[in-house]
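An overview of the molecular structure
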Amino acid sequence: MALLRTEDVTKTFGALTAVNRVTLAVEEGTLHSIIGPNGAGKTTLFNLLTGQAPPTSGRILFDGRDITGTPPQRIAHLGIARSFQRTNVFPALSVLDNVWVAVFARSRRRGLGWRPADRYPDLTERALAALGEVGLGDNARRAARELSHGEQRQLELAIALAAAPRLLLLDEPAAGLSPDETRKMVALVRGLKGRYTIVLIEHKMDIIMTISDRVSVMHFGSLIAEGTPAEIQRHAEVRRAYLGGIVAP
Amino acid sequence: MSRAWIAILAAVVLLPMLVRHAIATEIWIFAIFGLGLNLLLGYTGLLSFGQATFFGSAAYVGGYLLKHGGVNVLLVLALGIVVGAVSAAAVGYLCVQRSGLYFIMLTFALNQMFYFTAYQWTSVTGGEDGMPGIPRPAFLGLRLSEPLAYYVFVAACFVIALGIMKRVVESPLGKILQAIRENEVRAQAIGYDARRFKLLAFVIGGAFSGLAGVLYAMLFGIVPLEAIGFVFSGNVVFGTLIGGSGSLYGPVIGAFVFIWLSESVSVIWQRWPLLLGVAFVIVVLFFRGGLVEAWDRLATWWSVRRLRGVAET
Ligand SMILES: Nc1ncnc2c1ncn2[C@@H]1O[C@H](COP(=O)(O)OP(=O)(O)O)[C@@H](O)[C@H]1O
Ligand SMILES: [Mg+2]
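Residues numbered from 1 in each chain as written. Chains lettered and ligands numbered in written order. Predicted model: local features only at pLDDT ≥ 70, side-chain atom pairs only at ≥ 80, totals over all residues. Heavy atoms only, no water.

Now for the overall build of chain A. Within chain A, the regular secondary structure consists of nine helices and ten strands. The C-alpha atoms of chain A give a radius of gyration of 18 Å, which matches the 18 Å a tight globule of 249 residues would have. Its C-alpha atoms give chain A principal-axis dimensions of roughly 60 × 40 × 35 Å. Here chain A, with 249 residues, has 55% of them falling under the buried criterion. For chain A, contacts bridging at least 24 residues in sequence account for 64% of all contacts bridging at least 6. (Helix = DSSP H or I, 4+ residues; strand = E, 2+ residues; numbered from the N terminus. Rg over C-alpha atoms; globule rule 2.2 N^0.38 Å. Buried < 20%, exposed > 50% of the residue type's maximum accessible area, 1.4 Å probe, protein only. Contact = heavy atoms within 4.5 Å.)

This is the structure:
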């Protein structure tokens, strides 16, 4: 059964239809990519999935449950975590605290707690593990704002991982990275494959084609194709709309 | 015990030897008031311009009970804390629906509503004349009517309040509030209901304001109308910013400077608020972290200089 399913999800901003009747199914355990040119509506689709904005029409089902219009803080507790295209961390907090608050959010069995925050060894350990996973283990004590752009992208991912989500939504994790950093980030995402159900937004074709189980192509708000990477590469309409000269025939 | 605590305890002991007991007492009361504000201002990033609402409401209720009831002092303090928390819950609930400038204006406007209620309700509050004749009954054999005894009592309240606030800001709640201050959208995305946590910060801050309000009423034996007015709300913001909103101890240092200036310098020089204005401008322009930051920088500069001196010889 699909872990995530959208049915005719639409979002309009005034006259603009940013997301147009998108029907999508993401199977558990897979890495499902969404590609499309800038402005295609990919980020907006994520915003609908995570409750940042309610869809104009359509339904969103997570694990068989209708979550349409559920606010972000509830979505997080259902086990959906996301990273943001534009880095979205807690600048003045330490790198560790950035991740720690995400771990704590998902472990509310203790209520709010009266103990000092540094006396939750199990939570701190999980936060450090998430930092280690993205390669930020040595930077735990630094303030997030002191990190380089590349490191902030890693932190962005660590915050999402810290929630131990059932569904991980990654919005262009390699945005603004150098070729070298991009390779590292791709390796990182590849390492997550299989352990998480992942929806990945990316517009670098080479990355998508080597990493994805399935690919959906978005264009002017609509899904125009879906299939395996190989099928997408052969798809004539996609080539016209998007791939153009990027992928050699 | 940390150096900060040793400094605080030393200040508690030395202060009544250096300034009049009433001033020394007022400093710790204002510090409690500042601690409550700073949970909102410094930790949650919410500029509440209406803290006198909670301070004044508790002062009136506490003052009224002491005047008419012959009630136990601890019970009055507890009720003051409850009044502060409940009024903050009501005000906070409305204010957290908005953010930015609208939030600030709401805290201010609601403060004005409380002020005019107190102004009109003369049968209880005494209106412009204030509510006089508030006694300080004895407590556990401590004759609080004696200025020094009352100082000790208030200082003890302050130390307890500081300990509790330290615990609050170091707890997960403190981290969550800071996360909301830093990035509300992300805090929501990782699962925190920002409004609920802001409201909680209001309630805790209101409880501290309420405690300060009752102690203030007992100190002067009167609740002046200003105790619930915007000038008091502004003063606590002022003091906290001068001390430094970025740390737990900032509002304590701010209370020290603010009350000392207003009570000592004002005797010599009528236009002392000018001095305060200058201090404020300097802080805003050069030391956004208030006196705490200024001190840190001075200490760094000094140690660098000393190291250089060592290296040169
Ligand atoms: N909050 C908003 N208000 C108005 N228009 C928006 C808003 N968010 C996105 N859009 C518009 O929707 C379209 C899709 O944007 P987006 O989802 O960010 O595309 P992508 O992530 O695929 O690059 C763009 O034209 C963008 O300008
Ligand atoms: Mg985007």
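Following the structure, the description resumes.
At this site the magnesium ion (ligand 2) is bound by Thr43 of chain A (OG1) and Gln85 of chain A (OE1), with donor distances of 2.0 to 2.1 Å. Of this pair, Thr43 of chain A sits in helix α1 (residues 42-49) while Gln85 of chain A sits in the loop between β6 (80-83) and α3 (95-105); the two residues are 42 residues apart in sequence, bridging distant segments of the chain. (Donors = N, O, S within 2.8 Å, 3.2 Å for Na, K, Ca; no water.)

Another point: the nonpolar core. In this structure, Val99 and Leu155 of chain A together with Trp28 and Leu215 of chain B are the most contacted members of the largest nonpolar core, which totals 153 residues. When residues of this core are assigned to domains, at least three fall in each of domain 1 (1-79 + 165-249) and domain 2 (91-159) of chain A. Counting residues in hydrophobic clusters, the runner-up holds 25 residues, among them Val19, Leu49, Phe62 and Ile80 of chain A. (Core = buried A, V, L, I, M, F, W, Y, C linked by side-chain atoms within 4.5 Å. Domains from an automatic or database assignment.)

On to the packing of aromatic side chains. Any two aromatic rings considered together are summarised by their centre-to-centre distance and by the angle between their planes. As enumerated under the stated definition, the model contains 22 aromatic pairs over all chains in all. Its guanidinium or amino end placed over the ring of Tyr120 of chain A, Arg115 of chain A lies 4.1 Å from that ring's centre, counting from NZ or CZ. A cation sits over an aromatic face here: Arg136 of chain B above Tyr150 of chain B, 4.3 Å from the ring centre. (Phe/Tyr/Trp six-rings, centres within 6.5 Å; stacked < 30°, edge-to-face > 60°. Lys NZ or Arg CZ within 6 Å of the ring centre and 35° of its normal.)

Glancing now at the sheet that holds β6 of chain A. Residue and element names in this part refer to chain A. Across the sheet, six strands lie side by side as β6-β7-β8-β3-β9-β10; this open sheet has mixed pairing. Each edge of the open sheet is held by one strand with a lone partner, namely β6 and β10 (222-227). On average, adjacent strands in this sheet sit at an angle of 15 degrees to one another, irrespective of strand direction. Pairing analysis gives five bridges linking strand β7 (residues 167-171) to strand β8 (residues 197-201), with the strands arranged parallel. Looking at β8, one finds that Asp171 is bridged to Ile201. (Pairing = 2+ DSSP bridges. Axes fitted to C-alpha atoms, helices over the stretch in contact; angles between N-to-C directions.)

With that settled, consider the interface of chain A and chain B. Contact residues are listed per partner, giving 32 residues for chain A and 25 residues for chain B. Surface buried jointly by chain A and chain B totals about 2,400 Å² across both partners, of which 63% is contributed by carbon and sulfur atoms. At the boundary of chain A and chain B, one finds two salt bridges. Note that Arg186 of chain B is salt-bridged to Glu156 of chain A, the shortest N-O span being 2.5 Å. Run the count over chain A and chain B and you get twelve residue pairs in polar contact (both at pLDDT 80 or more). Counting residues per element, the side of chain A that touches chain B draws most heavily on α3 of chain A, at six residues. Considered class by class, the residues forming the side of chain A that touches chain B number 20 nonpolar, six polar and six charged. (Buried area = accessible area lost by both parts, 1.4 Å probe. Salt bridge = Lys/Arg side-chain N within 4 Å of Asp/Glu carboxyl O. Polar contact = N/O pair within 3.5 Å; in protein donor to acceptor, adjacent residues only side chain to side chain. Nonpolar A, V, L, I, M, F, W, Y, C, P; charged D, E, K, R; others polar.)

Let us look at helix α10 (residues 194-220) of chain B. With 27 residues, α10 of chain B extends 39 Å between its outermost C-alpha atoms, agreeing within 8% with the 39 Å of an ideal straight helix rising 1.5 Å per residue. One or two positions beyond α10 of chain B, positive phi appears at Gly221 of chain B, with a value near 70 degrees. (Expected span 1.5 Å × (residues − 1).)

Before going further, it helps to spend a moment on the sheet that holds strand β1 (residues 2-13) of chain A. Here four strands make up an open sheet; going across it, the order is β2-β1-β4-β5 (chain A) and the pairing antiparallel. The outermost strands of the open sheet, each flanked by one partner alone, are β2 (16-27) and β5 (65-66) of chain A.

Quick look at the pairing of β1 of chain A now. Residues and elements named next belong to chain A. As defined by bridge partners, β1 adjoins β2 across eight bridges and the pair is classed as antiparallel. Bridging from a neighbouring strand, Phe13 pairs with Leu16 of β2. Between β1 and β2, which pair antiparallel in sequence order, lie two residues; one of them, Gly14, sits at a positive phi of approximately 60 degrees. Where β1 meets strand β4 (residues 57-62), five bridges bridge the pair, whose relative direction is antiparallel. When the sheet's bridge partners are listed, Thr10 is paired in β4 with Ser57.

Our focus in this paragraph is the site of ligand 1. Residue and element names in this part refer to chain A. Close to ligand 1 lie Phe13, Leu16, Ala18, Pro37, Asn38, Gly39, Ala40, Gly41, Lys42, Thr43 and Thr44. One nitrogen or oxygen atom from the main chain of Gly39 is found 2.7 Å from an oxygen atom belonging to ligand 1. Thr44 places a side-chain nitrogen or oxygen 2.5 Å from an oxygen atom of ligand 1. About the coverage of ligand 1: the protein hides 58% of its 560 Å² of free accessible area. Those elements giving two or more residues to the shell around ligand 1 turn out to be β2 and α1. (Near = heavy atom within 4 Å. Areas by Shrake-Rupley, 256 points an atom, 1.4 Å probe, with all protein chains shown as cover.)

Once that is clear, we can look at a nonpolar patch on the surface. Together, Val267, Ile268, Trp269, Leu274 and Leu275 of chain B line one region of the surface with nonpolar side chains, adding up to about 550 Å² of accessible area. Looking at the nonpolar patch, the elements with two or more residues in it are α12 (250-268) and α13 (272-286) of chain B. (Patch = residues over 30% accessible without salt bridge, like charges linked within 9 Å, V, L, I, M, F, W, Y side chains within 5 Å.)

A few words on the side chain of His32 of chain A. All names here are of chain A. Relative to the assigned elements, His32 resides in strand β3 (residues 31-35). Residue classification places His32 among the buried positions, given a relative accessible area of 1%. In this structure the side chain of His32 is engaged in a polar contact, spanning 2.8 Å, whose partner is the side chain of Ser216. Residue contacts for His32: discarding those within four places in its chain leaves Leu24, Ala25, Val26, Ile198, Val199, Leu200, Arg214, Val215, Ser216 and Glu226.

Let us look at unusual backbone geometry. All names here are of chain A. Unusually for a residue other than glycine, Glu172 sits at a positive phi of about 45 degrees. Take Glu172: it is sitting in the loop between β7 and α6 (179-192). We note that Phe220 has phi near 45 degrees; this positive angle belongs to a residue other than glycine. Within the element layout of this structure, Phe220 appears in the loop between β9 (214-219) and β10.

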